[in-house]
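Results of the structural survey
Below are the chains, spelled out letter by letter.
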Amino acid sequence: MTIKKTPITNIFKYIWWLLALATILYIVSQNIVTQRVLTYNLDFKQSISRDITGWYPEVRTKFSNNLEVLAEPIYLQAYVPAKFNNLNIKGDLDFVDENIRLGLKQDNNIWLWQDITDKSFSLDFDLKTAQVYRNKLELILSIPDLNSGSNVALTNNWQLILSK
């Protein structure tokens, strides 16, 4: 006894193929980055989000209204979905006279450092030699002269701007 394919089974077969193709196209379109600028607005209330991990380790920070730095160094990882040429970091810090440095990890496992001298700052990093491991960039914030009497806080208006 053989089962003959009826027009109804053919219709269902084509509907399933169409749904599978639409699902694949949707997934691919969501993972393609066509924009030339990608901006991350950092929220320090949560240390892990879909695209940002940090500042960590969490035992070195404390969140009240701002993120207070208790010990150094602290790290941040940012997801990079495509190849970008430049990283601009903007933000505000509350500090007195501490020496504060921000670094970007390079391909040869060294840090490219830039000093933060103002409470409102904007730093540019070239990403040509930056280490991108598993599509993530790694940043480090170092405050070498941080002591128990220091009060260094990161405000919630930090931005990471990746551009091509």
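This is a predicted model, so every value here is computed, not measured.

1. Side note on the nonpolar core
Among the nonpolar cores identified, the biggest contains 36 residues, and Trp55, Leu87, Ile89, Leu154, Trp158, Leu160 and Leu162 are the most heavily contacted of them. When near neighbours in sequence (up to four residues on either side) are disregarded, Leu154 contacts Phe44, Trp55, Asn66, Leu67, Val69, Ile74, Asp92, Leu93 and Leu141.

2. Digging into the sheet that holds strand E10 (residues 136–142)
The antiparallel open sheet is built from 5 strands, whose spatial order is E2-E5-E10-E7-E8. Across the chains shown, the open sheet's two edge strands, defined by having one partner strand only, are strand E2 (52–56) and strand E8 (111–116). Put simply, the sheet's adjacent strands are angled 20 degrees from each other on average, direction ignored. For strand E7 (residues 100–105) and E10, the ladder comprises 4 bridges, and the chain directions are antiparallel. When the bridges of E10 are listed, Arg101 appears paired with Ser142.

3. Focus on the pattern of salt bridges
Considering all chains together, one arrives at 4 salt bridges under this definition. Of the charged contacts in the structure, one is a salt bridge between Asp94 and Lys119, with a shortest N-O distance of 3.8 Å. Placement of the pair is Asp94 in strand E6 (residues 86–94) and Lys119 in the loop between E8 and strand E9 (120–126), with a sequence separation of 25 residues. Accessibility expressed as a relative area gives 37% for Asp94, which makes it partly exposed. A relative accessible area of 44% places Lys119 in the partly exposed class. The residue Glu138 makes a salt bridge to Lys105 at a minimum N-O spacing of 3.9 Å. Here the residue Glu138 occupies a position in strand E10, and Lys105 occupies one in strand E7, the gap between them amounting to 33 residues. Each member of the pair, Glu138 as well as Lys105, is classed as buried.

4. Considerations on unusual backbone geometry
Note: most peptide bonds trans; most residues except glycine with negative phi. A cis amide bond, omega -5 degrees, links Tyr56 with the succeeding residue Pro57. Mapped onto the elements, Pro57 comes out in the loop between E2 and strand E3 (61–63). With an omega of 0 degrees, the peptide bond between Glu72 and Pro73 qualifies as cis. Structurally, Pro73 can be placed in the loop between strand E4 (67–69) and strand E5 (74–79). Non-glycine residue Asn135 carries a positive phi angle of around 60 degrees. Among the structural elements, Asn135 can be located in the loop between E9 and E10. The class of Asn135 is partly exposed, set by a relative accessible area of 36%.

5. Focus on the environment of Ser122
Following the sequence through the fold, Ser122 ends up in strand E9. Residues Ser122 and Val80, 42 residues apart in the sequence, show an inter-C-alpha distance of 20 Å. Ignoring anything within four residues of it in the chain, the contact list for Ser122 reads Asn88, Ile89 and Lys90. A polar atom in the side chain of Ser122 sits 3.1 Å from the side chain of Asn88.

6. Some points on the side chain of Gln106
Within the secondary structure layout, Gln106 lies in the loop between E7 and E8. Residue Gln106 is classed as buried on the basis of its relative accessible area, which comes to 6%. Excluding residues within four positions of it along the chain, Gln106 makes contact with Leu112, Thr129, Ala130 and Gln131.

Rules used throughout
Throughout, a residue's number is its position along its own chain's written sequence, starting from 1. Given that the model is predicted, a residue must reach a pLDDT of at least 70 before its local features are reported, and side-chain atom pairs must reach 80 or more before they are shown or counted; all residues, however, enter totals for whole chains, interfaces and linings. Values reported for side chains reflect all heavy atoms of the structure, with hydrogen atoms and water molecules removed beforehand. Buried Ala, Val, Leu, Ile, Met, Phe, Trp, Tyr and Cys residues form a nonpolar core when they are joined through side-chain atoms within 4.5 Å. Only protein chains enter the accessibility calculation, which uses a 1.4 Å probe; a residue is then buried when its area is under 20% of its type maximum, exposed when over 50%, and partly exposed in between. Here, two residues are considered to be in contact whenever any of their heavy atoms come within 4.5 Å of each other. Criterion used throughout: strands pair if DSSP finds at least two bridges between them. Put simply, DSSP H or I for four residues or longer makes a helix, DSSP E for two residues or longer makes a strand, and each gets a number counted from the N terminus. For every element, the axis is a line fit to its C-alpha atoms; helices are fit only across the contacting stretch, and the angle between N-to-C directions ranges from 0 to 180 degrees. When a carboxyl oxygen of Asp or Glu lies within 4 Å of a side-chain nitrogen of Lys or Arg, that pair is called a salt bridge. Here a polar contact is recorded for every N or O atom pair within 3.5 Å, except that within protein the pair must consist of a potential hydrogen donor and a potential acceptor, and residues adjacent in sequence are included only if both atoms are side-chain atoms.

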